[in-house]
Amino acid sequence: MRILFLVYHGFSEVSGISKKIHYQVKGLRESGHDVRLCYYGFAENGHRCRYIDDKVVKDYGTGKWAAVRQRLNYKCVYDYCIREGIQFVYARCFQNANPWLIHFFKRLKKVGINTVTEIPTYPYDSEFVGFPIQNRMGLKVDQLFRHQLYAQMDAVVTFSDATEIFGQRTINISNGVDFDSIPLYDGQLSAVDSPLHLIGVAEVHYWHGYDRLIAGLGEYYQQAKKPREVFFHIVGGVANSEMHGSVHASGFAELMDKYQIRDKVILHGQLFGSQLDEVFNQCQFAVGSLGRHRSGITVIKTLKNREYATRGIPFIYSEQDSDFERMPYIVKAPADESPIDIQRIIDFVDSFSMSPTEIRKTVEHLTWKIQMQRVIDKVTE
């Protein structure tokens, strides 16, 4: 099948979202599909451009009007689809429903091109609480037009259990993994009473709930008579709002100072490749999302859970994720604001015996090749 994978933004080498999109495209290609990647970005001369497979299909120029035009003009993409015989358009939601996008998908539908949009997190409205007014106004526009937009499509792809989103049927898949890009964990489970190292990898937002882990660490050190040394390694960007508090949660700095545990929380910043592997291999337990309930989400299949399992390291999370609920290598945290019970993690790690290879085998069905083919099969059945 000839497929156009449509993204409404550009890519970054340090972005997990960017990597995910490229792995999805790779998964489709591994199934034998001819996939073209369409995205938006800046040329070396500063012009705003729309690209397909690194070739400019529309140069919008520079300035404010260029920024407006790229949001309204999809004729170049439509013309490409007709010219190249595209059969299927897979788009990734950018909370950007508007009349011009509706018109674009209506034209695709009229000529018989199948279309779906992936909504990475659903529901997503609560994620905008506390965001700048420009972001919240953009959401208002999306709310006005999203039912009309999705009415033009064959389905909505979701990582939730929802059977209908914005009036459209859903195709339920799991976030996938690319086994070639994630090395097997090569660390050692800590011996009883030896230091325990926890790791959380994310571009940190309030829904990751890392403040709950830090608060739990502080409570543990205050209450334990002979506390074992426990460290929390955070890998990824941490915004100032997370360090110093927001409308959603206490700031990391405030909590570390309150409990006097600044030496127990290590902020590594962004790490990749061998540097990331090195930190992973000194840790014994990973931390997934602990605050999805803050954004109104109870059911989600997060990418991070799958990456931890593919690496072969046990982990904790608080949402509902049907791929892992009964797995012996996970700890479920309550979906509330309570500090995380660190002693419970310690006891779990001390009695844990699964090998990284055994953990990895449990997610072999979650490759992007398999997950993306499920979408194709559902649309064409």
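Everything here concerns the structure above.
These notes cover the structure that comes with them.

Cut-offs and rules
- Residues numbered from 1 in each chain as written.
- Predicted model: local features only at pLDDT ≥ 70, side-chain atom pairs only at ≥ 80, totals over all residues.
- Heavy atoms only, no water.
- Phe/Tyr/Trp six-rings, centres within 6.5 Å; stacked < 30°, edge-to-face > 60°.
- Buried < 20%, exposed > 50% of the residue type's maximum accessible area, 1.4 Å probe, protein only.
- Helix = DSSP H or I, 4+ residues; strand = E, 2+ residues; numbered from the N terminus.
- Lys NZ or Arg CZ within 6 Å of the ring centre and 35° of its normal.
- Core = buried A, V, L, I, M, F, W, Y, C linked by side-chain atoms within 4.5 Å.
- Contact = heavy atoms within 4.5 Å.
- Pairing = 2+ DSSP bridges.
- Axes fitted to C-alpha atoms, helices over the stretch in contact; angles between N-to-C directions.
- 1 Å grid on protein atoms, 1.4 Å probe; cavity = no way out; pocket = protein on both sides within 12 Å on 5 of 7 lines; lining within 4 Å.
- Points joined across faces, edges and corners; volume = space filled by probe spheres on them.
- Nonpolar A, V, L, I, M, F, W, Y, C, P; charged D, E, K, R; others polar.
- Parallel < 35°, antiparallel > 145°, perpendicular 65-115°, else oblique.
- Left-handed = near helix turned anticlockwise from the far one by under 90°.
- Polar contact = N/O pair within 3.5 Å; in protein donor to acceptor, adjacent residues only side chain to side chain.

**A word on the packing of aromatic side chains**
Thinking step 1. Scanning the model with the defined rule gives 21 aromatic pairs in all.
Thinking step 2. Note on tyrosine 220 and tyrosine 221: the rings are 5.5 Å apart at their centroids and 70° apart in plane angle, and the pair reads as edge-to-face. The burial state of tyrosine 220 is the same as that of tyrosine 221; both residues are buried.
Thinking step 3. Taken together, a centroid distance of 6.2 Å and an interplanar angle of 70° make the contact between phenylalanine 280 and tyrosine 308 edge-to-face. Residue phenylalanine 280 is located in helix H9 (residues 273–282), and its partner tyrosine 308 is located in helix H10 (residues 303–311); the two are separated by 28 residues in the primary sequence. When sorted by exposure, phenylalanine 280 lands in the same class as tyrosine 308, which is buried.
Thinking step 4. The rings of Phe280, Tyr308, Phe315, Tyr317, Phe324 and Tyr329 are connected pair by pair, giving a single aromatic cluster.
Thinking step 5. Between the NZ or CZ atom of arginine 107 and the centre of the ring of tyrosine 78, over which it lies, the distance is 3.7 Å.

**Some words on the nonpolar core**
Thinking step 1. Within the largest apolar cluster, 57 residues are counted, with the highest numbers of intra-cluster contacts made by Tyr329 and Ile345.
Thinking step 2. When residues of this core are assigned to their parent elements, the largest contribution, seven residues, is made by helix H6 (residues 210–223).
Thinking step 3. Setting aside chain neighbours within four positions, we find isoleucine 345 in contact with Leu196, Leu198, Leu213, Phe285, Ile316 and Ile340.
Thinking step 4. Core analysis: the second largest hydrophobic core is formed by 35 residues, Cys38, Ala91, Leu101 and Phe166 among them.

**Section: the sheet that holds strand E6 (residues 114–119)**
Adjacent strands of a sheet form backbone hydrogen bonds with each other and so pair up, either parallel or antiparallel.
Thinking step 1. Taken in spatial order, the nine strands line up as E4-E3-E2-E1-E5-E6-E7-E9-E8 in an open sheet, and their pairing is mixed. Because the sheet does not close on itself, it has two edges, and the strands there are strand E4 (55–61) and strand E8 (164–165).
Thinking step 2. Taken together, the three bridges between strand E7 (residues 155–158) and strand E9 (residues 168–172) define a ladder with parallel strand orientation. Looking across to E9, one finds that valine 157 is bridged to isoleucine 171.
Thinking step 3. Along the sheet, helix H3 (residues 75–84) makes contact with strand E1 (2–6), strand E2 (34–42), strand E3 (48–52), E4 and strand E5 (88–92), crossing E1 at roughly 165°.
Thinking step 4. Against the sheet, helix H13 (residues 368–380) makes contact with E1, E5, E6, E7 and E9, and its axis sits at roughly 140° relative to E9, the strand it touches most.

**Notes on the layout of surface pockets**
Thinking step 1. The volume enclosed by the second largest pocket comes to roughly 190 Å³.
Thinking step 2. Lining of the second largest pocket is provided by Val129, Gly130, Phe131, Val204, His205, Tyr206, Ala239, Ser241, Glu242, Ser246, Val247 and His248.
Thinking step 3. Taken together, the residues of the lining of the second largest pocket break down into six nonpolar, five polar and one charged.

**A look at the packing of helix H1 (residues 16–30) against H13**
Thinking step 1. H13 packs onto H1 with a crossing angle of 70° between their chain directions and a minimal axis gap of 8 Å. With respect to H13, the element H1 is oriented roughly perpendicular. Across from Lys20, Tyr23, Gln24, Gly27, Leu28 and Glu30 in H1, the residues of H13 making contact are Trp368, Lys369, Met372 and Ile376.
Thinking step 2. Broken down by class, the residue content of the contact of H1 with H13 amounts to five nonpolar, two polar and three charged.

**A word on the packing of H3 against helix H4 (residues 99–110)**
In a pair of packed helices, the angle between the axes and the distance between the axes together describe the arrangement.
Thinking step 1. Contact geometry for H3 and H4: axes closest at 10 Å, N-to-C directions at 15°. By the angle between their axes, H3 is roughly parallel relative to H4. The two elements H3 and H4 meet at a crossing, and its hand is right-handed. Seen from H3, the contacting residues are Val77, Tyr78 and Cys81; seen from H4, they are Phe104, Arg107 and Leu108.
Thinking step 2. Of the residues contributing to the contact of H3 with H4, the split by class is five nonpolar, no polar and one charged.

**Description of the side chain of arginine 294**
Thinking step 1. Here arginine 294 lies in the loop between strand E13 (285–287) and H10.
Thinking step 2. Using a relative accessible area of 14% as the deciding quantity, one classes arginine 294 as buried.
Thinking step 3. Within the structure, arginine 294 has its side chain in polar contact with the side chain of aspartate 211 (distance 2.8 Å).
Thinking step 4. What arginine 294 contacts, discounting residues up to four positions off in sequence, is Tyr206, Gly209, Asp211, Arg212, His248, Ala249 and Glu337.

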